[in-house]
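# Examination of the molecular architecture
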Amino acid sequence: MASTEEVDKKYQTITSRLQEVLGGDLIKSILAEGRTPKCYWGTYCPDRPPYVASDPRILTGDAYRCRRPAHIGYFVPLTKIADFLRAGVEVKILLADVHAFLDNLKAPLDLVAHRTKYYEFVLRAVFTSLGIPTSKLIFVKGSDYQLNRDYTLDNYRLCTLVTEHDAKKAGAEVVKQVESPLISGLLYPGLQALDEQYLGVDFQFGGVDQRKIFTFAELYLPRLGYAKRAHLMNPMVPGLMGGKMSSSDPDSKIDFLDSPEVVKRKIRKAFCEEGNITENGLLAFLKAVLIPISQLRLESLRGDTGEDAEEGKESIGSQKPFATDDAPDDTVFTITREKGGGPSHYKTYQELEDDFAAKKIHPGDLKASVRDAITTLLEPIRAAFLANDDWQKTEQLAYPDPNAKPETKKKKKEKVYHPPPPGKGKSAQLPPQTTTVDGEVATGTPQPPSETQAPIEQPV
């Protein structure tokens, strides 16, 4: 049995910075019993964004790579997983390949395997760049268990209980919505609910856009005779232009493998009105990603990593907070000024937001500081990609260039025998020869002897 103080501390670590928690008492009871809470976070490998083929800005090299769907909005849940490990939670990462195929138009079967492998490369590199030990994470592919007999039978059992209305409502925020939906999209919420049982977890973690699927699971798993799980939800990060950060909008997001030049271009175009704190994607990213990462790094430098003694040992890249060397202790972010004036150091996000609202921070200085922080954050991930031939080859297989011309193999010309015309080639007549047959003189072209005909003797 754990003490109340210990339970409260771990529960606070698990639920900090979340937008909503469903079933928090279940997690507290597990901690109180001294057991290890188990959770899973799932991600699928989506298709290439539809803007790629027609967008004239996307050419080659780094610009071409903005077609990748893995963007920095993923830093929100991946950073939170560090908190779970610090609280002693067992974390499983589900690479939902079957879900990706079922979700309308997301990934055809022939590419799912390559995209699943590509996403695992990305996630492992991001975790390592954050100092999170991948050795403590359990990576699972959905197809490893979702195709077995028991899972399939439970899926059929669930289909006898769930109405079309409930299935469609549950997936409304996640599954691609079309006028005439396919049955595959209606199966999606049920499979995600069954994952909780077959992965053997106590809670599922995801974005707040998953809420309807989470409540669907809480309703229907007990009807199959399985336990109700808890659900933890992180906030969604707005895009750079103020709307949702989306793989289908190239200007709303920054990809993990974007070069510094691409990052600079996208940040320059981001909406950032002076004094506006309500529709500001840069401030939202600061709050949801950069400040939490700085806090994690400060705590790691102090050795305050809870039960995760391995944190930071496998890290790549800089593990410093996003503050200048001359910043006071506990500074989580520094705003540098490009046109005169000294830097401003902040120990909390709220202090920075208040200064921006009071117009003490110019939008250009905010953009420059966020740009430099993101560039530093992405540098080790990009370096890992460039140093890994297997990852690069996997990317080309997973997201082939839609504008590339298919390779055409030159067909070898088959040799066709054409018999020569009479009197030509090997059948050409030889000079007439004189032969004697039974004492008579005969001229003509000699014929090859048949099997029954003895060869004609030539005169000596």
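Quick summary incoming for the structure in this document. (Residues numbered from 1 in each chain as written. Predicted model: local features only at pLDDT ≥ 70, side-chain atom pairs only at ≥ 80, totals over all residues. Heavy atoms only, no water.)

## Quick look at the overall build of the chain
To be explicit about the condition: Helix numbering and strand numbering both begin at the N terminus, where a helix is a DSSP run of H or I of at least 4 residues and a strand a DSSP run of E of at least 2. Whether a residue is buried, partly exposed or exposed follows from its accessible area with a 1.4 Å probe, protein chains only, as a fraction of its type maximum: under 20%, in between, or over 50%, in that order. Note on definitions: a residue-residue contact is assigned when non-hydrogen atoms from the two residues lie within 4.5 Å. Computed by Shrake-Rupley with a 1.4 Å probe, the accessible areas treat only the displayed protein chains as cover when residues are assessed.
The secondary structure content of the chain amounts to 15 helices and 10 strands. Within the chain, buried positions represent 47% of all 460 residues. When contacts within the chain are restricted to residue pairs at least 6 apart in sequence, long-range pairs at least 24 apart make up 74% of them. For the chain, the computed accessible surface area is about 24100 Å², with 53% contributed by carbon and sulfur atoms.

## Remarks on the sheet that holds strand S6 (residues 230-234)
How we decide: A pair of strands counts as paired when DSSP detects no fewer than two bridges linking them. Comment: axis = line fitted to C-alpha atoms, over the contacting stretch for helices; angle = value between 0 and 180 degrees taken between N-to-C directions.
The six strands are arranged S1-S6-S5-S2-S3-S4 in an open sheet whose pairing can be described as mixed. In the strand order of this sheet, the two ends are held by strand S1 (20-22) and strand S4 (137-141), each with one partner. Ignoring strand direction, the axes of neighbouring strands in this sheet form an average angle of 25°. Both strand S2 (residues 38-43) and strand S5 (residues 203-207) contribute to a ladder of three bridges, which runs parallel. Following the sheet pairing, cysteine 39 is matched in S5 by phenylalanine 203. Sitting on the sheet, helix H4 (residues 75-86) is in contact with S2, strand S3 (90-95), S4, S5 and S6, with an inclination near 150° to S5.

## Remarks on helix H15 (residues 389-398)
The cut-off we apply is this: The directions from the helix axis to the C-beta atoms are what the arc is built from.
Of the positions making up H15, those classed as buried are Trp391, Thr394, Glu395 and Ala398. The buried residues of H15 all sit within an arc of 105° when viewed along its axis, so they share a single face. Relative to its buried face, H15 has exposed residues pointing more than 90 degrees away, namely Asp389 and Lys393. Against helix H6 (109-129) and helix H14 (363-386) lie the buried residues of H15.

## Some words on the environment of threonine 394
For threonine 394, the position within the fold is in helix H15. Threonine 394 sits 280 residues away from histidine 114 along the chain, and the two C-alpha atoms are 6.1 Å apart. The residues contacting threonine 394, other than those within four sequence positions of it, are His114, Lys117, Tyr118 and Phe121.

## Thoughts on the pairing of S6
Definition in use: With its strands directed away from the observer, a crossover is right-handed exactly when the path from the first strand over the helix to the second travels clockwise.
For S6, a buried count of five out of five residues is recorded, marking the element as mostly surrounded by other parts of the structure. In the sheet, S1 pairs with S6 via three bridges, with the strands oriented antiparallel. Across the sheet, valine 21 pairs through a bridge with leucine 232, a residue of S6. Both S5 and S6 contribute to a ladder of five bridges, which runs parallel. When the bridges of S6 are listed, phenylalanine 203 appears paired with alanine 230. Crossover connection from S5 via helix H10 (residues 211-220) to parallel S6: handedness right-handed.

## Things to note about the pattern of salt bridges
The cut-off we apply is this: Think of a salt bridge as a Lys or Arg side-chain nitrogen and an Asp or Glu carboxyl oxygen that are within 4 Å of each other.
Counted under the stated rule, the structure contains 19 salt bridges. One salt bridge in this structure joins arginine 157 and aspartate 154, with 2.6 Å as the shortest N-O distance. Here aspartate 154 and arginine 157 lie together in helix H7 (residues 149-159), a separation of three residues that amounts to about one turn. Residue classification places aspartate 154 among the buried residues on the basis of a relative accessible area of 4%. Taken together, the salt bridges that share partners define one network made up of Glu6, Lys10 and Glu307.

## Describing unusual backbone geometry
Negative phi characterises most residues that are not glycine, and trans characterises most peptide bonds. Even without being glycine, aspartate 330 reaches a positive phi, approximately 70°. Judged by its relative accessible area of 40%, aspartate 330 falls in the partly exposed class. One non-glycine residue, lysine 359, lies in positive phi territory at about 65°. Mapping lysine 359 onto the fold places it in the loop between helix H13 (349-357) and H14. Using a relative accessible area of 52% as the deciding quantity, one classes lysine 359 as exposed.

## Focus: the packing of helix H1 (residues 4-15) against H4
Test applied: Angle categories: roughly parallel below 35 degrees, roughly antiparallel above 145, roughly perpendicular from 65 to 115, and oblique for all the rest. Crossing handedness is defined as follows: a turn of the near helix away from the far one that is anticlockwise and smaller than a right angle gives a left-handed crossing, while the clockwise case is right-handed. For this scheme, ten residues count as nonpolar: Ala, Val, Leu, Ile, Met, Phe, Trp, Tyr, Cys and Pro. Four count as charged, namely Asp, Glu, Lys and Arg, and the remainder, Gly too, count as polar.
Viewed as axis vectors pointing N to C, H1 and H4 meet at an angle of 165°, and their least axial separation amounts to 8 Å. Relative to H4, the element H1 is oriented roughly antiparallel. Between H1 and H4 lies a crossing whose hand is left-handed. Where H1 approaches H4, its residues Thr13, Ile14 and Thr15 are matched on the opposing element by Lys80, Asp83, Phe84 and Arg86. Looking at side-chain class alone, the contact of H1 with H4 contains two nonpolar, two polar and three charged residues.

## Regarding the packing of aromatic side chains
In this description, an aromatic ring pair is defined by two values, namely the gap between the centres and the angle between the planes. The line we're drawing: Note on aromatic pairs: the rings of Phe, Tyr and Trp (six-membered ring only in Trp) are paired at centre separations within 6.5 Å, and the planes decide the class, stacked below 30 degrees, edge-to-face beyond 60, tilted for the rest. In our convention, an over-ring charge means Lys NZ or Arg CZ found within 6 Å of a ring centre and within 35 degrees of that ring's normal.
Evaluation of the coordinates by the stated rule reveals 13 aromatic pairs. With 5.0 Å between their ring centres and 65° between their planes, tyrosine 151 and tyrosine 198 make a pair best called edge-to-face. Here tyrosine 151, found in helix H7, pairs with tyrosine 198, found in helix H9 (residues 183-198); they are 47 residues apart in sequence, far enough to count as distant. Among the aromatic residues, ring-to-ring pairing joins Trp41, Tyr74, Phe75, Tyr118, Tyr119, Phe256 and Tyr399 into one connected group. Lying over the aromatic face of phenylalanine 139, arginine 124 brings its terminal NZ or CZ to 4.1 Å of the ring centre. In this arrangement the basic side chain of arginine 223 is found over the ring face of tyrosine 220, its NZ or CZ atom lying 4.9 Å from the centre.

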